[in-house]
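# A structural walkthrough
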Amino acid sequence: MSGAPPVDPGAPPVDSSFYIYNSYISDPPYQVSFTIVWTVFTAVCVLAAAPRLFRSIRNGRAWQGWGIWEDVCGHAYKPLQDIERKAPRPRQNTSRAWLSVLEKYSLWRIPYLNLDLGQILILAGYFAAVCVCIFLKSPIVQSPNRAGFLAIAQLPAIFLFATKNGILSVLLGKGYEKLNFLHRWAGRFLFISATIHGSLWINNDKTAGTPIIGSQKETLGIAAYGTLGIIVLSSLPVVRRIAYQAFFTIHILGYVSFFVIICYHTVYAVPWIFPPLAFYGLDLFVRMIRFRVKDAILVPVDDQMTLIHVQNCDGGWIAGQHVRLRVFFSGRIFESHPLTILNAPAPLSASSSGELILGARVSGDWTRALNELALRDEKTCRVNVMIDGPYGGPTIDIGEYERALLVAGGSGATFTMGLLDDIIGRVVNMKRRGGEKTRRVEFVWCIKSYGSIFWFSPMLLDIANKARGSSLDLHIRIFVTCLCDPEAVPDIPNCEVTVVKPKVSLLLEPFITPGTDVETGRVRSNGGVAVAVSGPESLIAEAQNAIARVPIGRTRSLGGLALHTEVFSL
């Protein structure tokens, strides 16, 4: 590791201070060491997630959600059995209870950082590995190449955690959006490594009186660093929110340019380019297989919400997943936007059959143009769409828990609506064929005005009517924060509308308090509680901290307390 030349055994010993440090021999092993560290940690996480993967394989959910399909032969519509199976008797799941205890502490959300404690610990370990490999036994000031080597070594990790169709998402049971924070921060750590490498070389050149820009190597190095700077600046959250398409274009063109420049800057970068190209190539190949072009009908509920009914879609997704949608209108064929699927696939869905429903809240120029197109058309507004996906989905299966709390803010209800439609269909339509344990579901929706209730009121009405008289107790609670037009409240069975902004901790309290359930009269057992929250980052942070505050003893006695969150922001 010291870069010392081979020594003749018969020669007298030489003081190590006379050795010349050869970074091209000594530094590449640290690239390998860093790669081993993060791949081993990833492998440990995969092993920890293996039981969940095995359960999903056993109940068949692992084979769903791979691509939208149309049932041209009618095989998806099978006659349902007449007798509903009884919900399995809740049993104490010790392993799940202890896992919930361990996971709850990682949920603490740090204000203004948009990271929870678990994510911070992972990033701290990653950054520590980078720093150790850069500075350990390295004359970094005299020979800054080590930092450059480590910058290049981070490229495979950056691309692995960025691809939407990677094998890692399948093995970990998490969608790409849950791993994307690693992609973003690894890119920033690469930029920091490149900054150390470049700034120290510039300082050395100034000290030696050597021109900073002159030779091809230095010029290309500055060009590569400038390209990285453009990528980092264009990836800031404020840029993504204001000009997402510009961010996306700069991102793609920037990395292509960086790859070309860095390979001319140093030949040692070439081997580290192939893994990212392989990850991205696989991602594109799978996307091509999953692309679907369909007919769709645009239904404007009002000037703030547009429902998109994609025709001839019978299955291939799991409730809670999302697709990237292109709508061929007004020259916007190159714009692709993520939209969550509102309904469960047939024959689970209580509100639809043979179609995929998406909800597009007006929040930008694309959604506004789509809404205006639907409003202009007096008759049925038909368009052609391209679907890429589905992606993501819940990390927990509500059917494995006795009670479920679904909380949504604003358009985040598109996620919880899908989960609600799915669990009602599995219990009522499929008669608990998969051994679903769920006995009670509370659906909570926080909105700014009464008019927003009509966005999804027809679906909620169908779901509530389907659940009425079944073995599953469904309660719908809608919280409105504005006293505008209180008469506009649709009649939905077992639905309560309140003018107040609720706290997640108060919503959660009845589910985790020992005793008798006030709504059902049943004694609460230890079948576990599943919580799914979707909406703005403030709601997600509140929910995570509420779960983290639940005492250890109560978490164990519940039989497990699981949380899944969906952030509706860029």
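In this text, all values refer to a predicted model and were calculated from it rather than measured experimentally.

The subject of this paragraph is the overall build of the chain. A tally of regular secondary structure across the chain gives 18 helices and 14 strands. Taken over 570 residues, the chain has a buried fraction of 50%. Relative to all contacts within the chain whose residues are 6 or more apart in sequence, the contacts with residues 24 or more apart total 76%. Total accessible area on the chain is roughly 27,200 Å²; 63% of this is exposed by carbon and sulfur atoms.

A word on the pattern of salt bridges. This model, assessed by the stated rule, comprises 13 salt bridges. Linking Glu402 and Arg439 is a salt bridge whose minimum nitrogen-to-oxygen distance equals 3.5 Å. Taken together, the positions of Glu402 in the loop between β8 (381-392) and β9 (403-409) and Arg439 in the loop between α14 (413-429) and β10 (440-447) put the pair 37 residues apart, joining distant regions of the chain. For Glu402, a relative accessible area of 8% translates into the label buried. Bridged by salt links that share partners, the residues Asp397, Asp422, Arg426 and Glu436 form one connected network.

So, about the sheet that holds β8. Reading across the sheet, the six strands line up as β6-β5-β8-β3-β4-β7 and stay open at both edges, with antiparallel pairing between neighbours. Looking at strand neighbours, the two that pair on one side only are β6 (337-340) and β7 (355-361), the edges of this open sheet. Each adjacent strand pair in this sheet contributes to an overall mean axis angle of 40°, direction not counted. By the bridge criterion, seven bridges tie strand β4 (residues 305-311) to β7 in an arrangement that is antiparallel. Pairing of Val310 across the sheet is with Leu356, part of β7. Lying over the sheet, helix α13 (residues 365-376) contacts β3 (292-300), β4, β5 (321-327), β6, β7 and β8, oriented at roughly 70° with respect to β3.

Next up on the list: the packing of aromatic side chains. Tallying each qualifying case throughout the model produces 20 aromatic pairs. Cluster of aromatic residues (ring-pair linked, three or more members): Phe34, Tyr126, Phe127, Trp185 and Phe189. Lying over the aromatic face of Trp185, Arg188 brings its terminal NZ or CZ to 4.7 Å of the ring centre. The ring of Tyr391 carries the charged tip of Arg290 above its face, separated from the ring centre by 4.9 Å.

The next thing to look at is the pairing of β8. Bridge analysis of β3 against β8 gives seven bridges, and the strand direction is antiparallel. When the sheet's bridge partners are listed, Ile297 is paired in β8 with Arg382. When β5 meets β8, the two strands line up antiparallel, connected through six bridges. Following the sheet pairing, Gln321 is matched in β8 by Gly392.

We now examine the nonpolar core. Of all hydrophobic cores here, the largest spans 46 residues; its most connected members are Phe34, Tyr126, Leu155, Leu168, Tyr255, Phe258 and Phe259. Elements with a contribution of two residues or more to this core: α2 (28-59), α4 (117-135), α5 (145-153), α6 (155-160), α7 (167-172), α8 (176-208), α9 (216-234) and α11 (244-265). Sequence-distant contacts of Tyr126, defined by excluding residues within four places in its chain, comprise Phe34, Gln154, Ala157, Ala186 and Phe189. In terms of nonpolar packing, the next biggest core, distinct from the first, is built from 39 residues, Phe415, Phe456, Leu460 and Ile478 among them.

Time to look at the sheet that holds strand β13 (residues 529-535). Ordered by their spatial adjacency, six strands build an open sheet running β12-β11-β10-β9-β13-β14, and the pairing between neighbours is parallel. Taken across any chain shown, the strands that pair with only one partner, and hence form the sheet edges, are β12 (495-498) and β14 (561-567). Across the sheet, the axes of successive neighbouring strands diverge by a mean angle of 10°, strand direction being ignored. Of the pairings in the sheet, the one linking β13 to β14 comprises seven bridges and is parallel in character. Following the sheet pairing, Ala530 is matched in β14 by Ala562. Contacts from helix α16 (residues 504-512) reach β9, β10, β11 (473-480), β13 and β14, with the element oriented near 175° to β9.

Look at the link from Ala346 to Pro347: it is a cis peptide, with omega at 0°. Structurally, Pro347 is set in the loop between β6 and β7. Following Gly389, the chain continues to Pro390 via a peptide bond in cis, the omega torsion being 10°. With a phi close to 50°, Lys137 is a non-glycine residue in the positive phi region. For Lys137, the position within the fold is in the loop between α4 and α5. Its identity is not glycine, yet Ser330 carries a phi of approximately 50°, on the positive side.

Following the sequence through the fold, Asn165 ends up in the loop between α6 and α7. Along the chain, Asn165 and Arg287 lie 122 residues apart, while their C-alpha atoms are 7.4 Å from each other. Leave out the neighbours within four places in its chain, and Asn165 touches Asp283, Val286, Arg287, Arg290 and Tyr391. Separated by 2.4 Å, the side chains of Asn165 and Arg290 make a polar contact. Reaching out from Asn165, the side chain makes a polar contact with the side chain of Tyr391 at a distance of 3.3 Å.

About the cut-offs
- Here the residue index of a chain counts from 1 through its sequence in written order.
- The predicted nature of this model means local features are confined to residues of pLDDT at least 70 and side-chain atom pairs, given and counted, to a pLDDT of 80 or more, with totals for whole chains, interfaces and linings taken over all residues.
- Values reported for side chains reflect all heavy atoms of the structure, with hydrogen atoms and water molecules removed beforehand.
- Helix and strand definitions here come from DSSP, where helices need a minimum of 4 consecutive H or I residues and strands a minimum of 2 consecutive E residues; each element is numbered from the N-terminal end.
- Relative accessibility decides the category of a residue: with a 1.4 Å probe and only protein chains considered, values under 20% of the type maximum give buried, values over 50% give exposed, and everything between is partly exposed.
- Contact criterion: two residues are considered in contact whenever any of their non-hydrogen atoms come within 4.5 Å of each other.
- Here the Shrake-Rupley method, with its probe set to 1.4 Å, supplies the accessible areas, and only the displayed protein chains count as covering residues.
- Every case where a carboxyl oxygen of Asp or Glu lies within 4 Å of a side-chain nitrogen of Lys or Arg is listed as a salt bridge.
- Strand pairing is assigned whenever DSSP detects at least two bridges linking the two strands.
- Orientation is described by axes fitted as lines to C-alpha atoms, over the contacting stretch for helices, and by angles from 0 to 180 degrees between their N-to-C directions.
- Classification of ring pairs uses Phe, Tyr and Trp, with its six-membered ring standing for Trp, and accepts pairs whose centres are within 6.5 Å; under 30 degrees between planes counts as stacked, over 60 as edge-to-face, and the remaining range as tilted.
- Definition used: whenever NZ (Lys) or CZ (Arg) falls within 6 Å of the ring centre and also within 35 degrees of the ring normal, the charge is taken to sit over that ring.
- Nonpolar core, defined: a set of buried Ala, Val, Leu, Ile, Met, Phe, Trp, Tyr and Cys residues in which side-chain atoms within 4.5 Å join the residues together.
- Polar contacts, as counted here, are pairs of nitrogen or oxygen atoms within 3.5 Å of one another; within protein the pair requires one atom able to donate a hydrogen and one able to accept it, and residues that are adjacent in sequence qualify only if both atoms are side-chain atoms.

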